[in-house]
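Letter by letter, the chains look like this.
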Amino acid sequence: DSGETRYLMLETIRGYARERLDASGDREAVHRQHAAWALALAETAQQELYGPDQAAWAARLAAEQDNLRVALTWAIANDPVLAVRLASALWFFWYTEGELVEGRRWLERALAAGSAVPPTIRALAINNLGNLVYEMGDLPRAQELYEESLALRTQLGDRCGMADSLNNLGMLATARGDLATGRERLKACIALRTDMGQPESTAPTHNNLGDIAILEGNGAVARECNERALALGREQGNTRRVAHSLHNI
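None of these values were measured; they are calculated from a predicted model. (Residues numbered from 1 in each chain as written. Predicted model: local features only at pLDDT ≥ 70, side-chain atom pairs only at ≥ 80, totals over all residues. Heavy atoms only, no water.)

Within the protein, the regular secondary structure consists of 14 helices and zero strands. Counted from the first residue to the last, the protein has its helices and strands arranged as α-α-α-α-α-α-α-α-α-α-α-α-α-α. For the protein, the C-alpha atoms occupy an extent of roughly 70 × 40 × 30 Å along the three principal directions. Across the 249 residues that make up the protein, the buried fraction comes to 43%. (Helix = DSSP H or I, 4+ residues; strand = E, 2+ residues; numbered from the N terminus. Buried < 20%, exposed > 50% of the residue type's maximum accessible area, 1.4 Å probe, protein only.)

And the structure:
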């Protein structure tokens, strides 16, 4: 119990409220305001889901799922840019909740509706869709999405985004048994992050390099990689990352 007061509405009252809203002529404005609220919540939560309060933020999003679905439905039909941003911001929540099918469906629908979405937003959403597809085991489709995202980010000069895509392509190559390519992509990610002055963002990449070392039977290197990731996870208060590293060690 978060201690937050929440109000429930009977369906008959909800239906009456919809009728009154339609009659007022303000339906479009109310939907847009509701979608803007949902986007602000999702984009704030997206950052918090990696920090020390991640459990509380996951619970908050879970409590708002029906509101988020209403906002996504409206945005896909009326504001494709908002729809893509909202669906993209929610990918990690869907991942941690195990709602991979729902997340994939919303992201695919939003991207299909948003041909005029700015390339920076589109590249991020494609990458995040790739994350969900990868977790569903569709590795060929995940590779297509990661490569498309990397190409867009390279054209844009988005070095932070490029690092994310390189990490994901390295993880994917490892999963497909191509350890040499996996290591090359992961080391390129770390080099880029280090050059940008973002060594704290390399924790998952060190975990992924540790996975390669485990597959190769090199326990010493695997421990070194995961202990580095563990230290970074503890600095950030990211309990999920800490647990991942401890499991691997």
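Take the environment of Gly 161 next. Examined against the element boundaries, Gly 161 turns out to sit in helix 10 (residues 159-175). Under the relative-accessibility criterion, Gly 161 is labelled buried at 5%. A C-alpha to C-alpha distance of 22 Å links Gly 161 and Met 136, two positions 25 residues apart in sequence.

Attention shifts here to helix 3 (residues 54-63). Helical geometry note: an α-helix holds 3.6 residues per turn, so side chains three or four residues apart project in the same direction. Among the residues of helix 3, those classed as buried are Gln 54, Trp 57, Ala 58 and Leu 61. Across the axial projection of helix 3, the buried residues extend over an arc of 105°, all falling on one side. Exposed residues pointing more than 90 degrees away from the buried face of helix 3 are listed as Ala 55 and Ala 56. Looking at the buried side of helix 3, the elements it contacts are helix 2 (27-48), helix 4 (65-78), helix 6 (91-97) and helix 14 (239-248). (Arc of directions from axis to C-beta. Contact = heavy atoms within 4.5 Å.)

Take the packing of helix 10 against helix 12 (residues 203-215) next. Where helix 10 contacts helix 12, the axes come no closer than 10 Å and their chain directions differ by 20°. One finds that helix 10 runs roughly parallel with respect to helix 12. In terms of crossing hand, the pair formed by helix 10 and helix 12 is left-handed. Across from Asn 167, Met 171 and Thr 174 in helix 10, the residues of helix 12 making contact are Pro 204, Thr 205, Asn 208, Ile 212 and Leu 215. Residue classes in the contact of helix 10 with helix 12 are distributed as four nonpolar, four polar and no charged. (Axes fitted to C-alpha atoms, helices over the stretch in contact; angles between N-to-C directions. Parallel < 35°, antiparallel > 145°, perpendicular 65-115°, else oblique. Left-handed = near helix turned anticlockwise from the far one by under 90°. Nonpolar A, V, L, I, M, F, W, Y, C, P; charged D, E, K, R; others polar.)

Right, let's talk about helix 9 (residues 139-156) for a bit. In this model helix 9 runs 26 Å from its N-terminal to its C-terminal C-alpha over 18 residues, within 8% of the 26 Å that 1.5 Å per residue would give. The set of residues buried in helix 9 consists of Leu 139, Ala 142, Leu 145, Tyr 146, Ser 149, Leu 150, Leu 152 and Arg 153. Taken around the axis of helix 9, the buried residues stretch over an arc of 165°, which confines them to a single face. Among the structural elements, helix 8 (119-135), helix 10 and helix 11 (179-195) are those in contact with the buried residues of helix 9. (Expected span 1.5 Å × (residues − 1).)

The next point concerns the nonpolar core. With 54 residues, the main nonpolar core has Leu 61, Leu 86 and Leu 90 as its most contacted residues. Setting aside chain neighbours within four positions, we find Leu 61 in contact with Leu 41, Ala 45, Leu 49, Leu 68, Leu 90 and Phe 93. Counting six residues, the second-largest nonpolar core is a separate cluster that includes Leu 179, Leu 209, Ile 212 and Cys 225. (Core = buried A, V, L, I, M, F, W, Y, C linked by side-chain atoms within 4.5 Å.)

All right, on to the side chain of Thr 202 then. If you trace the backbone, Thr 202 turns up in the loop between helix 11 and helix 12. Its relative accessible area of 3% is what places Thr 202 among the buried residues. Within the structure, Thr 202 has its side chain in polar contact with the backbone oxygen of Pro 199 (distance 2.7 Å). (Polar contact = N/O pair within 3.5 Å; in protein donor to acceptor, adjacent residues only side chain to side chain.)

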